[in-house]
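For reference, the chains in residue letters:
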Amino acid sequence: MRITFKLYAGLTQYLPLEARVGNAMPLDLSEGTTILKAIEPFAMPPKLVHLVLINGVYIAPEDRATRVLVAGEVLAIWPPVAGG
């Protein structure tokens, strides 16, 4: 199955070079893949995986190990952001 995988801000460095400009790439996964399993190959430090959305809906940290992705979904991740 295929989803769209998006990384924002400083996380774009974890995408392949060709995907960094648009901050998104198609990602082929096995059926039954969870959010945590999908992002594992990108080796992002867990503390940087802060805001996780599927199709614009927030997924709480405690649900990321069990939430199974479905073909056509968009998985987007932001790091912690500070401002002032």
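Here the structure is a predicted model, which means the values were calculated and not measured. (Residues numbered from 1 in each chain as written. Predicted model: local features only at pLDDT ≥ 70, side-chain atom pairs only at ≥ 80, totals over all residues. Heavy atoms only, no water.)

Visitor: Give a detailed account of unusual backbone geometry, specifying residues and quantitative values.
Guide: With phi around 50°, Ala 43 is a residue other than glycine that occupies positive phi space. Within the secondary structure, Ala 43 sits in the loop between helix 2 (35-39) and strand 3 (51-54). One non-glycine residue with positive phi stands out, namely Asn 55, at about 50°. One can find Asn 55 in the loop between strand 3 and strand 4 (57-58). (Helix = DSSP H or I, 4+ residues; strand = E, 2+ residues; numbered from the N terminus.)

Visitor: Can you tell me about the environment of Val 81, naming the residues and giving the values?
Guide: Counting through the fold element by element, Val 81 comes out in the segment after strand 5 (74-78). We classify Val 81 as exposed; its relative accessible area is 70%. Note: C-alpha distance between Val 81 and Glu 31 (50 residues apart in sequence) is 32 Å. (Buried < 20%, exposed > 50% of the residue type's maximum accessible area, 1.4 Å probe, protein only.)

Visitor: So what about the packing of aromatic side chains? Which residues, and what values?
Guide: Two measures describe an aromatic ring pair: the distance that separates the ring centres and the angle between the ring planes. For the coordinates displayed, the defined rule picks out two aromatic pairs. A centroid spacing of 4.1 Å and a plane angle of 5° characterise the contact between Tyr 8 and Trp 78, whose relative ring orientation is stacked. Note that Tyr 8 is positioned in the loop between strand 1 (2-7) and helix 1 (17-20) and Trp 78 in strand 5, a separation of 70 residues in sequence. For Trp 78, a relative accessible area of 24% translates into the label partly exposed. (Phe/Tyr/Trp six-rings, centres within 6.5 Å; stacked < 30°, edge-to-face > 60°.)

Visitor: Residues and numbers for the pairing of strand 5, please.
Guide: Relative to strand 5, strand 1 is paired through four bridges, and the arrangement is parallel. If you follow Phe 5 over to strand 5, its bridge partner there is Leu 75. Of the pairings in the sheet, the one linking strand 3 to strand 5 comprises four bridges and is antiparallel in character. Paired with Val 52 across the two strands is Ile 77, which belongs to strand 5. (Pairing = 2+ DSSP bridges.)

Visitor: Now, about the sheet that holds strand 1: what can you tell me, with residues and values included?
Guide: Here five strands make up an open sheet; going across it, the order is 2-1-5-3-4 and the pairing mixed. The open sheet has two free edges, formed respectively by strand 2 (24-28) and strand 4, since each of these has just one partner strand.

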